[in-house]
Amino acid sequence: MVIGTQSAHGTSERALLAHYLVLPLAVTLAGSLLGLLLGRALAPFLGLVTDYYSFPAAPVEPTPLVALLSIVTPVTLVTAVNALVIRAALGRPTQELLRPQPAGGPGLPVRLDRLPFVSMFRLRQALRTPGSYLLIAAGTFLCILLLVFGLGMRSSMDTYLTRAEDELLFHDFYTLRFPDLAAVPPGGHEAVAVPLRVVGADGSPGESLTVLGVPADNPYFAVDVDALGPQELVISRAAAHKYRLGAGDTLTLHDGELSWAFDVVDVSDYTTSAFGFTTPEHARALIDPAVLLAARSMAGARPGADDDGDGDGVVPYYNAVFSDHHLDIDPDRLVSHSTREQMLGGVVKFNALLSRIVALVSWSSMLIMVVVLYVLVRLVVARQWYSISLLKALGYSDREVGRLYLDNYLWLVAASVAIAVPASVAIMGEVWRLMTAHLPIGIPFLVTPGDVALMAGLALGAYAVVRVATARDTRTVPVTEVLKFRE
């Protein structure tokens with residue numbers, strides 16, 4: 001009506017556009033600047049994670065171009081949307097703008113006479129104003145998506161840490177540059193570790209996978225490898241999750257020069273590292289023969305050593321040793337040495353760093369949900385002023401009006417949560433897999449029943465806050481509002 005009055009007084013379209021764009025642009029500009037400052041302030045927290053687990057470290061400082069786009073893009077969108085809405089309003093007859101006529105909505109192709117009045121009223125409202133309901137459902141879905149991401153990261157890391165504590169049975173893990181083939185260090189359990197790269201669908205080598213040859217009596221990995229053939233592997237559950245593999249699939253590995261195709265025979269319930277298990281003999285076949293020959297030559301024949309059947313007193317080649325205590329190995333022979341505490345400590349540190357992001361994402365999504373529901377519900381109530389006033393004129397109390405116009409969104413929010421949670425888990429599971437693709441571990445994305453209950457409670461709590469806040473909007477609608485549209 002205000003636009004119609006101004007138009008009737010001869011105010012130009014350009015002047016009206018300028019007037020109605022000032023406040024939205026001011027709010028948008030202030031919000032963009034605030035978001036830019038908050039993002040810049042929170043960048044160091046994200047940097048702690050990227051510096052620790054990204055090689056090289058991913059930059060988190062916003063560039064001048066990013067800063068400019070973060071301000072220009074929202075301002076441009078708000079300008080375009082407001083200009084379109086105002087131009088569409090000015091395209092209507094001035095008389096209609098001065099005294100808008102309430103629309104009854106499109107005719108419904110279904111009969112709802114047999115339903116109770118409240119259910120029939122709410123269903124008619126949904127069918128006549130589907131856009132408003134879709135906006136609220138979309139806003140709820142986006143907030144649930146953020147909640148699933150935050151809570152799922154926390155649950156995934158907590159579960160992984162718990163399983164790692166149970167699965168890391170060894171205390172020390174050594175990888176050797178020059179193994180002492182005179183004998184395996186006392187107390188150690190030898191293995192053959194061959195780092196290879198998984199060949200992707202496009203034929204190019206991708207992420208790494210270690211083929212680990214372990215003896216059948218190795219106490220640290222409960223894997224049956226005796227029956228495996230040269231081109232067969234048992235992969236860990238971490239590798240199965242990371243590369244989307246299962247029993248019966250074919251896995252192609254590359255060492256820089258040669259490629260091998262392996263049949264995945266089984267998936268071992270080992271989630272701490274991405275391994276492909278086989279026998280030590282089959283793992284040695286993947287190593288350059290020159291390396292094996294050089295290692296044997298350096299070892300020489302040592303009387304009394306365990307031998308491999310050729311009588312030269314040299315034990316079969318190995319390049320990894322697991323043990324339940326520290327071993328006395330010459331440091332010059334070592335490539336790396338890691339302990340169980342170091343492995344778990346890295347996960348604990350990553351989990352602690354990630355918790356800050358989880359808290360930020362969770363609280364942000366809750367704030368967004370409250371704001372989105374509040375704005376959209378208020379918008380719907382504002383568009384229904386005539387109907388609300390008519391109900392009051394017919395004798396309905398404020399409580400009954402609120403029940404008809406506000407309580408129906410409770411079922412909308414509940415249904416949106418029920419649909420959004422499984423859809424968000426599927427989406428964020430893929431996002432999480434891509435985020436952790438560079439790590440030598442496989443962490444399945446997990447959302448626990450407790451997380452689902454928490455999300456549902458937060459969504460319903462957000463609706464309860466909005467319900468209380470918007471109840472005033474329906475109470476303040478005057479009964480005389482209905483008379484403004486009548487002669």
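Residues numbered from 1 in each chain as written. Predicted model: local features only at pLDDT ≥ 70, side-chain atom pairs only at ≥ 80, totals over all residues. Heavy atoms only, no water.

1. Concerning the packing of aromatic side chains
Point 1. A complete count under the given rule lists 15 aromatic pairs for this structure.
Point 2. For the pair F173 and F322, a centre-to-centre distance of 4.6 Å together with 10° between the ring planes defines the contact as stacked. Of this pair, F173 sits in strand β1 (residues 172-176) while F322 is found in strand β8 (residues 320-323), placing the two residues 149 residues apart along the sequence.
Point 3. Judged by its relative accessible area of 16%, F173 is buried.
Point 4. With centroids separated by 6.3 Å and ring planes inclined at 80°, the aromatic side chains of Y270 and F277 adopt a geometry described as edge-to-face. Neither residue differs from the other here; Y270 and F277 are each classed as buried. (Phe/Tyr/Trp six-rings, centres within 6.5 Å; stacked < 30°, edge-to-face > 60°. Helix = DSSP H or I, 4+ residues; strand = E, 2+ residues; numbered from the N terminus. Buried < 20%, exposed > 50% of the residue type's maximum accessible area, 1.4 Å probe, protein only.)

2. Here we look at the packing of helix α10 (residues 340-383) against helix α14 (residues 449-475)
Point 1. The geometry of α10 relative to α14 is characterised by a closest axis approach of 9 Å and an angle of 35° between their N-to-C directions. Crossing of α10 against α14: the hand is right-handed. Counting all contacts with α10, which are made through M366, M369, V370, L373, Y374, V377, R378 and V381, the residues of α14 involved are L458, A459, A462, Y463, V465, V466, A469, T470, D473 and T474.
Point 2. Within the contact of α10 with α14, the residues separate by chemical class into 14 nonpolar, two polar and two charged. (Axes fitted to C-alpha atoms, helices over the stretch in contact; angles between N-to-C directions. Left-handed = near helix turned anticlockwise from the far one by under 90°. Contact = heavy atoms within 4.5 Å. Nonpolar A, V, L, I, M, F, W, Y, C, P; charged D, E, K, R; others polar.)

3. A look at the nonpolar core
Point 1. Grouped together as the largest cluster of nonpolar side chains are 72 residues, with contacts concentrated most on I144, L212, F221 and F277.
Point 2. Counting 36 residues, the second-largest nonpolar core is a separate cluster that includes V198, A240, W260 and V315. (Core = buried A, V, L, I, M, F, W, Y, C linked by side-chain atoms within 4.5 Å.)

4. Here we look at empty space enclosed by the protein
Point 1. Enumeration over the complete set of coordinates arrives at one cavity of 30 Å³ or more.
Point 2. A volume near 40 Å³ is recorded for the largest cavity.
Point 3. Every residue along the wall of the largest cavity is listed here: H241, K242, R433, T436, I441, G442 and I443. (1 Å grid on protein atoms, 1.4 Å probe; cavity = no way out; pocket = protein on both sides within 12 Å on 5 of 7 lines; lining within 4 Å. Points joined across faces, edges and corners; volume = space filled by probe spheres on them.)

5. Looking at the pairing of strand β5 (residues 250-254)
Point 1. Relative to β5, strand β2 (residues 188-199) is paired through two bridges, and the arrangement is antiparallel. Looking at the pairing, R197 lines up with H254 of β5.
Point 2. Sheet analysis places β5 next to strand β6 (residues 259-268), joined by five bridges and oriented antiparallel. Looking across to β6, one finds that L253 is bridged to W260. (Pairing = 2+ DSSP bridges.)

6. So, the environment of D263
Point 1. Checked against the element boundaries, D263 lands in strand β6.
Point 2. Linking D263 and G248, residues 15 residues apart in sequence, is a C-alpha distance of 6.4 Å.
Point 3. Those residues in contact with D263 that lie beyond four places of it in its chain are Q231, E232, L233, D249 and T250.

7. Let's talk about the packing of helix α13 (residues 408-435) against α14
Point 1. Where α13 meets α14, the closest approach of the two axes is 10 Å, and the angle between their N-to-C directions is 155°. With respect to α14, the axis of α13 lies roughly antiparallel. Classified by chirality, the crossing of α14 by α13 is right-handed. When α13 is examined against α14, the residues Y409, L410, V413, V417 and V421 are found in contact with a partner set consisting of V452, M455, A456, A459, L460 and Y463.
Point 2. Of the residues assigned to the contact of α13 with α14, the class counts are eleven nonpolar, no polar and no charged. (Parallel < 35°, antiparallel > 145°, perpendicular 65-115°, else oblique.)

8. Let's talk about the environment of V291
Point 1. Within the element layout of this structure, V291 appears in helix α9 (residues 289-299).
Point 2. Of the residues examined, V291 reaches a relative accessible area of 38% and is grouped as partly exposed.
Point 3. Along the sequence, V291 and Y317 sit 26 residues apart, while their C-alpha atoms lie 9.5 Å from each other.

9. Focus on the pattern of salt bridges
Point 1. Per the counting criterion, the structure on display carries six salt bridges.
Point 2. For E167, the salt bridge identified is with R163, shortest N-O distance 3.3 Å. On the criterion of helical spacing, the pair formed by E167 and R163 is a turn pair, its members being four residues apart in helix α6 (residues 130-167).
Point 3. We classify E167 as buried; its relative accessible area is 10%.
Point 4. The salt bridge partner of R244 is E430, with a shortest N-O separation of 1.8 Å. Residue R244 is found in the loop between α7 (237-243) and β5, and its partner E430 is found in helix α13; the two are separated by 186 residues along the sequence.
Point 5. Look at R244 and you get partly exposed, because its relative accessible area is 48%.
Point 6. Residues joined by salt bridges that share partners form a network here, namely R163, E167, R237 and D269. (Salt bridge = Lys/Arg side-chain N within 4 Å of Asp/Glu carboxyl O.)

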